[in-house]
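One letter stands for each residue in the lines below.
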Amino acid sequence: MMQRIFRNVIGGLAGAVALAGLLPVTAVAQAQPVTFADLEGQTVTVQFTYGQTVKLLEAGNRVVNNESRQTMTLAIGPGDRIAQEYRIRVVAQNGREVGAFTGKINAELNKPTKWQHGEMVFVFENGSLIRLQTFKTGGRKITVSFKRMPTGLTCSVDAPFSKEAGASSAVDTTSQTTRQRIEILTAKTVSSSCRVAKTPA
């Protein structure tokens, strides 16, 4: 079931990637690939802002434009465990905050997990930690890519939404800030960042 859902929603993904911070590591060959084991005991923090157009389905189908400012913090390990904290701030065009949300969920690499409005799974491939999630229709693929540089590891994040093949032209979900049903008509990443640091004891 999960494979079918993710296959439908992840196809054709595209988005902007932004550079991030550094994690000091022991001197190694730059070409050596980054593995999930390299991240154990580290916390990855990614931030991205969407400029989005949203239809409020429980408010007379009113269409609004706003910014969704999101922060995802992933504490890696021990083993395949991933402790996730997520923060969202929705800001209107006049700069006023109109919604906020903070949530936590524990996951494990390669094991699907239910979240409030769908399903989610983390996978690691080709030096990237990937978080796939589904909504009522559509989904999102958050890719955190790691590179090993002479000075340490660098990371970048790509987090596009995807419309589901054969479904409506929008991503249908429930707002985490208002708990009301919405359609995300467009969502463009306008900024992003990524950093890795040792998990505090």
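Predicted, not measured: the structure shown is a model, and the values here were computed from it.

### What to know about the overall build of the protein
1) Next: Looking only at helices and strands, one finds 1 helix and 13 strands in the protein.
2) Next: Every one of the 201 residues in the protein was classed for burial, and the buried ones make up 46%.
3) Next: By sequence separation, contacts in the protein at least 24 residues apart represent 56% of the contacts at least 6 residues apart.
4) Next: Accessible surface, the protein: about 10400 Å² in total, of which carbon and sulfur atoms supply 50%.

### Comments concerning the pairing of strand S4 (residues 81-92)
1) Next: As paired strands, strand S3 (residues 62-76) and S4 are joined by 11 bridges and run antiparallel to one another. Residue pairing for S4: Thr71 is matched across the bridge by Arg87.
2) Next: Where S3 folds back on S4, the antiparallel hairpin that results is connected by 4 residues, among which Gly77 adopts a positive phi of roughly 95°.
3) Next: Where S4 and strand S5 (residues 97-108) come together, 11 bridges link them in antiparallel fashion. Its bridge partner lying in S5, Ile88 is registered against Phe101.

### Things to note about the nonpolar core
1) Next: Within the largest apolar cluster, 40 residues are counted, with the highest numbers of intra-cluster contacts made by Leu129 and Phe146.
2) Next: In terms of residue count, strand S2 (residues 42-56) provides more of this core than any other element does, 6 residues in total.
3) Next: Each residue touching Leu129, except ones within four places of it in the same chain, is listed here: Phe36, Leu74, Ile76, Ile82, Leu109, Phe122, Val123, Phe124, Ile142, Thr143, Val144 and Phe146.

### Thoughts on the packing of aromatic side chains
1) Next: Tallied over the entire structure, the rule returns 5 aromatic pairs.
2) Next: With a centroid separation of 5.7 Å and 75° between ring planes, the pair formed by Trp115 and Phe135 is classed as edge-to-face. With Trp115 in strand S6 (residues 113-115) and Phe135 in the loop between strand S8 (128-134) and strand S9 (139-149), this residue pair connects regions lying 20 residues apart in the sequence. Pair check on accessibility: Trp115 and Phe135 agree, each one buried.

### Notes on unusual backbone geometry
1) Next: The linkage connecting Gly77 with the following residue, Pro78, adopts the cis geometry, with an omega of 0°.
2) Next: The residue Pro78 is located in the loop between S3 and S4 in this model.
3) Next: One non-glycine residue with positive phi stands out, namely Asn126, at about 50°.
4) Next: Residue position: Asn126 is located in the loop between strand S7 (118-125) and S8.

### Examining the state of the cysteines
1) Next: Taken as a whole and judged by the stated rule, the model has 1 disulfide.
2) Next: Covalently, Cys155 is tied to Cys194 through a disulfide, its sulfur atoms 2.0 Å apart. Looking down the S-S bond of the Cys155 and Cys194 bridge, the torsion is -115°, so its handedness is left-handed. In this pair, Cys155 is assigned in strand S10 (residues 152-158) and Cys194 in strand S13 (residues 181-198), connecting sequence segments 39 residues apart. Note on accessibility: Cys155 and Cys194 belong to one class, buried.

Definitions and cut-offs
Residues numbered from 1 in each chain as written. Predicted model: local features only at pLDDT ≥ 70, side-chain atom pairs only at ≥ 80, totals over all residues. Heavy atoms only, no water. Helix = DSSP H or I, 4+ residues; strand = E, 2+ residues; numbered from the N terminus. Buried < 20%, exposed > 50% of the residue type's maximum accessible area, 1.4 Å probe, protein only. Contact = heavy atoms within 4.5 Å. Areas by Shrake-Rupley, 256 points an atom, 1.4 Å probe, with all protein chains shown as cover. Pairing = 2+ DSSP bridges. Core = buried A, V, L, I, M, F, W, Y, C linked by side-chain atoms within 4.5 Å. Phe/Tyr/Trp six-rings, centres within 6.5 Å; stacked < 30°, edge-to-face > 60°. Disulfide = S-S within 2.5 Å.

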